[in-house]
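If you want the building blocks of each chain, they are given just below.
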Amino acid sequence: MTPATSLIAMKFMKKSFPLLTLATLLAAQTTPTLAGPVLDRIRQSGKIVLAHRDSSVPLSYIDSASGKPMGYALDLCLKVADAVKRQLNLPKLEVSYLQVTSANRMQAITEGKADLECGSTTNNAERRKQVAFTIPHYITGARILVHANTKFDKINDFEHKKLAITKGTTVLKAVQHANEERLLYIDIVEAPSHAAAVDMLDKGQVDGFAMDDVLLYGLRSERPDPEKYKVVGGFLTIEPLAIMLSKDDPEFKALVDAEMKRLITSREAYAIYDRWFTKPIPPRNVSLNMPMNYLLRDFWKYPSDMVPN
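Residues numbered from 1 in each chain as written. Predicted model: local features only at pLDDT ≥ 70, side-chain atom pairs only at ≥ 80, totals over all residues. Heavy atoms only, no water.

**Points about the state of the cysteines**
Okay, step 1: For the structure on display, the rule yields 1 disulfide.
Okay, step 2: Between the sulfur of Cys-77 and that of Cys-118 lies a disulfide, 2.1 Å long from S to S. Disulfide Cys-77 to Cys-118: torsion about the S-S bond roughly -110°, handedness left-handed. Here Cys-118 lies in the loop between strand S6 (116-117) and strand S7 (131-133) and Cys-77 lies in helix H4 (residues 72-87), a separation of 41 residues in the sequence.
Okay, step 3: The exposure class of Cys-118 is buried, given its relative accessible area of 0%. (Disulfide = S-S within 2.5 Å. Helix = DSSP H or I, 4+ residues; strand = E, 2+ residues; numbered from the N terminus. Buried < 20%, exposed > 50% of the residue type's maximum accessible area, 1.4 Å probe, protein only.)

What follows is the structure, given as C-alpha cells:
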C-alpha cells in the first residue's frame with residue numbers, strides 16, 4: 001500500500017466508522033473473538049458444566065466422605081476450564097458438575113447439558129460420529145476382576161460362567177464378540193454401573209466383572225477388604241480414554257486440544273497422573289500403585305487426538 005492509498009484508507013475509515021478507532025480495528029484483526037455453540041453458552045452463562053461418573057476410581061468418582069466429585073480426569077478438566085476462562089477473558093467462571101452414567105454420558109454432550117465429559121470414556125470411531133474427543137489421558141485395556149481364592153486366569157476360564165459387564169461400554173461389545181467367536185457360552189450380565197457390577201461379584205451373583213483394568217484396580221481399592229479380589233487375564237481390548245466434547249464447535253475443541261498439549265509437554269499432566277495413580281487417594285487414602293504404562297508414556301511423546309480405532 002502506497003502512502004497516498006494509506007491516507008485515503010484512513011480518511012475512509014474516519015468518515016464511515018466514526019466510533020471505531022484504528023487501534024480497535026487492528027486488535028480485531030489480531031485477536032478474533034472465539035465463538036461457537038459451546039463457547040457462546042459458556043460466555044453467556046459464565047458457567048462451564050463438567051460431566052462426571054460416580055464410581056470410576058481414580059478417573060472420575062464421588063468421594064464418599066465429602067460427597068464431592070473428584071478424580072484424575074476431573075483435575076484435567078479443571079485445567080481446561082481455567083484455559084477457557086483465560087481465552088474468553090472472563091473475570092469469573094463458575095464450574096458446575098453433572099453426574100452421568102455409561103448410558104447417558106454421550107447424550108449429555110450432544111444435548112448441551114454438559115460442556116466436557118470427564119470420566120472413563122473410550123475414544124472410538126463409532127462414538128466420533130456423534131461427539132469429539134481430545135488427546136487421550138489414559139490408555140488401558142479390559143481385564144477381569146474375580147475373587148482372590150478362585151482359579152480364573154483368562155477369558156476362556158469363564159465358559160458357562162456368569163460375567164458382569166457395565167451396560168453401554170466398549171468392553172461389553174468386545175466380550176460379546178469373544179464369547180460368540182470362541183463358543184464360550186458365557187452368561188453376560190449387564191450391570192447399570194461399575195459399583196453395581198462389583199456388588200454382584202461380592203454377592204456371588206456373577207463369577208467375574210470385566211472392565212478397564214484401571215477401573216478394576218480403583219474399585220478394588222475402594223472395598224473394605226481389597227485383598228479378597230484380584231485382576232486377571234490379558235488385555236481383551238486396548239482403550240484410549242479421553243475427555244469427550246461437542247463435535248459441532250471446532251474452536252472449542254482447538255482450545256481444549258491446545259491446553260491438553262500444554263499440560264503434557266510442560267509435564268503438568270504427569271504430576272496430576274502421579275497424584276491419582278501412585279499416591280494415596282480419598283476416601284480411604286490407599287494408593288493404586290500404578291505407574292504410567294508404556295502405552296500412555298509412548299503416546300504422550302507425540303500427543304494427538306488421533307487414535308487407531
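Read on for the rest.
**Points about the packing of aromatic side chains**
Each aromatic ring pair is summarised here by two numbers: the centre-to-centre distance and the angle between the ring planes.
Okay, step 1: What the rule picks out here adds up to 8 aromatic pairs.
Okay, step 2: Where Phe-152 meets Phe-158, the ring centres are 4.4 Å apart and the plane angle is 15°; that geometry is what we call stacked. Per residue, the accessibility class of Phe-152 equals that of Phe-158, and both read buried.
Okay, step 3: The ring of Tyr-270 carries Arg-267 above its face, with NZ or CZ at 3.8 Å from the centroid. (Phe/Tyr/Trp six-rings, centres within 6.5 Å; stacked < 30°, edge-to-face > 60°. Lys NZ or Arg CZ within 6 Å of the ring centre and 35° of its normal.)

**Structural notes on the confidence of the model for the chain**
The predicted structure's coordinates, where accompanied by low pLDDT, should not be read in detail.
Okay, step 1: On average, residues of the chain carry a pLDDT of 89, and 89% of them reach 70 or more.
Okay, step 2: Scored below 50 in pLDDT, residues 1-31 makes 7 contacts in the model with residues more than four places away or belonging to other chains. (pLDDT = per-residue confidence, 0-100. Contact = heavy atoms within 4.5 Å.)

**A few points about the pairing of strand S12 (residues 208-212)**
Okay, step 1: With respect to burial, S12 is a largely interior element, 5 of its 5 residues being buried.
Okay, step 2: Relative to S12, strand S9 (residues 142-147) runs antiparallel, the two being bridged by 4 bridges. Note on S12: the bridge partner recorded for Leu-145 is Phe-209.
Okay, step 3: As defined by bridge partners, strand S10 (residues 162-166) adjoins S12 across 3 bridges and the pair is classed as parallel. (Pairing = 2+ DSSP bridges.)

**Overview of the environment of Asp-257**
Okay, step 1: Residue position: Asp-257 is located in helix H9 (residues 250-265).
Okay, step 2: Accessibility expressed as a relative area gives 14% for Asp-257, which makes it buried.
Okay, step 3: Taking the C-alpha atoms as reference, Asp-257 lies 5.6 Å from Thr-134; in sequence the two are 123 residues apart.
Okay, step 4: Sequence-distant contacts of Asp-257, defined by excluding residues within four places in its chain, comprise Phe-133, Thr-134, Ile-135 and Asp-305.
Okay, step 5: Among the polar contacts listed, one links the side chain of Asp-257 to the side chain of Thr-134, at a separation of 2.6 Å.
Okay, step 6: Within the structure, the side chain of Asp-257 is placed 2.6 Å from the side chain of Lys-253, a separation counted as a polar contact. (Polar contact = N/O pair within 3.5 Å; in protein donor to acceptor, adjacent residues only side chain to side chain.)

**A word on the nonpolar core**
When a protein is soluble and globular, its nonpolar side chains tend to lie buried together.
Okay, step 1: In terms of nonpolar packing, the biggest core is built from 82 residues, with Ile-42, Tyr-72, Leu-116, Phe-209, Phe-252, Phe-277 and Trp-300 touching the most fellow members.
Okay, step 2: Residues within four places of Tyr-72 in sequence aside, it is in contact with Pro-58, Leu-59, His-137, Ala-269, Ile-272, Tyr-273, Trp-276, Phe-277 and Trp-300. (Core = buried A, V, L, I, M, F, W, Y, C linked by side-chain atoms within 4.5 Å.)

**Quick word on the pattern of salt bridges**
Pairs can form between side chains of opposite charge once their charged atoms are near each other.
Okay, step 1: Applying the stated criterion to the full structure yields 16 salt bridges.
Okay, step 2: Two residues, Asp-199 and Arg-223, come together in a salt bridge whose shortest N-O distance is 3.5 Å. Here Asp-199, found in helix H7 (residues 194-202), pairs with Arg-223, found in the loop between helix H8 (213-222) and strand S13 (229-232); they are 24 residues apart in sequence, far enough to count as distant.
Okay, step 3: When its relative accessible area of 33% is taken as the criterion, Asp-199 is described as partly exposed.
Okay, step 4: Among the ionic pairs, Glu-259 bridges to Arg-262, the shortest N-O distance being 2.9 Å. Of this pair, Glu-259 and Arg-262 both sit in helix H9, 3 residues apart, which is roughly one turn of that helix. (Salt bridge = Lys/Arg side-chain N within 4 Å of Asp/Glu carboxyl O.)

**What to know about the sheet that holds strand S3 (residues 60-62)**
Okay, step 1: Strand order in the open sheet formed by 3 strands is S2-S3-S4, with antiparallel pairing between adjacent strands. Looking at which strands have only one partner, the edges of the open sheet turn out to be strand S2 (55-56) and strand S4 (69-70).
Okay, step 2: Note: S2 against S3, 2 bridges, orientation antiparallel. Looking at the pairing, Ser-55 lines up with Tyr-61 of S3.

**Here we look at H9**
Okay, step 1: Taking 1.5 Å per residue as the helical rise, H9 with its 16 residues ought to reach 22 Å, and the 22 Å between its terminal C-alpha atoms agrees with that figure.
Okay, step 2: Listing the buried residues of H9 in full gives Phe-252, Lys-253, Leu-255, Val-256, Asp-257, Glu-259, Met-260, Leu-263 and Ile-264.
Okay, step 3: Residues of H9 that are buried make contact with helix H3 (37-45), H4, S6, S7, strand S15 (244-246) and helix H10 (268-277). (Expected span 1.5 Å × (residues − 1).)

**Focus: unusual backbone geometry**
Okay, step 1: Residues Val-57 and Pro-58 are joined by a peptide bond in cis, for which omega reads 0°.
Okay, step 2: Structurally, Pro-58 can be placed in the loop between S2 and S3.
Okay, step 3: Of note, the bond from Pro-282 into Pro-283 is cis; its omega dihedral lies within 30 degrees of zero at 0°.
Okay, step 4: Tracing the backbone through its elements, the reader meets Pro-283 in the loop between H10 and helix H11 (294-299).

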